[in-house]
Amino acid sequence: MLRLAQARLLHMSAAAAAAGGGAAAKAGPIATSMQLKLTEALQPVSLSIQNDSHKHAGHSGNPSGAPDAETHFKVDVVSAAFEGKNPVQRHRLVYQLLAAEIEAGVHALALKTKTPAEAGTA
């Protein structure tokens, strides 16, 4: 399980670097924690976490504008755990799982939550 999470984390870091995430090429402690919690709880078919904090430099959620800030994220997750849940229930589940990260300074989460059938991976 841990190796699977680590492999996905490496994939996430490579994807962030390819998307121009700059300093996001190495996931910070908050992104790493988010990755591990979501992987453990949701057993996702697909999980992508993109740190977009650099796009919000000077914004109230990232006032320092630091390129390695961990305040704004896009999270796309495909999981069977979302079966039978409406979008609000899915988002609430993710927010509950990431409550500590939000408390620690995550200012914005853009969520896409799908079932495998909705994502076409069933």
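Rules behind the numbers
- Residues numbered from 1 in each chain as written.
- Predicted model: local features only at pLDDT ≥ 70, side-chain atom pairs only at ≥ 80, totals over all residues.
- Heavy atoms only, no water.
- UniProt positions renumbered as here; feature names shortened; annotations may be inferred.
- Buried < 20%, exposed > 50% of the residue type's maximum accessible area, 1.4 Å probe, protein only.
- Helix = DSSP H or I, 4+ residues; strand = E, 2+ residues; numbered from the N terminus.
- Pairing = 2+ DSSP bridges.
- Axes fitted to C-alpha atoms, helices over the stretch in contact; angles between N-to-C directions.
- Contact = heavy atoms within 4.5 Å.
- Parallel < 35°, antiparallel > 145°, perpendicular 65-115°, else oblique.
- Left-handed = near helix turned anticlockwise from the far one by under 90°.

As recorded by an unreviewed UniProt entry, the chain carries the name Bola and is attributed to Micractinium conductrix. A UniProt comment under Sequence similarities (unreviewed entry) is attached to the chain, and it reads "Belongs to the BolA/IbaG family."

1. What about the pairing of strand β1 (residues 46-51)?
Side chains Leu47, Ile49 and Asn51 of β1 all project onto a buried face; the interleaved residues Ser46, Ser48 and Gln50 project onto a face where none is buried. By the bridge criterion, six bridges tie β1 to strand β2 (residues 72-78) in an arrangement that is antiparallel. Residue pairing in the sheet places glutamine 50 in a bridge with lysine 74 of β2.

2. Quick look at the sheet that holds β2
Judged by pairing direction, the sheet is mixed, and its three strands sit side by side in the order β1-β2-β3 without closing on themselves. Here the strands that pair on one side only, and so sit at the sheet edges, are β1 and β3 (108-114). Pairwise comparison of adjacent strand axes, ignoring direction, gives a mean angle of 10° for this sheet. Summarising the sheet, β2 and β3 pair through seven bridges and their orientation is parallel. Its bridge partner lying in β3, valine 75 is registered against leucine 111. Helix-sheet contacts for helix α2 (residues 29-42) involve β1, β2 and β3, and the interaxial angle to β1 is about 165°.

3. Brief notes about the packing of α2 against helix α3 (residues 87-97)
α3 packs onto α2 with a crossing angle of 125° between their chain directions and a minimal axis gap of 10 Å. The orientation of α2 with respect to α3, classified from their angle, is oblique. Crossing of α2 against α3: the hand is right-handed. Residues Lys37, Leu38, Ala41 and Leu42 of α2 lie in contact with α3, whose contacting residues are Leu93, Val94 and Leu97.

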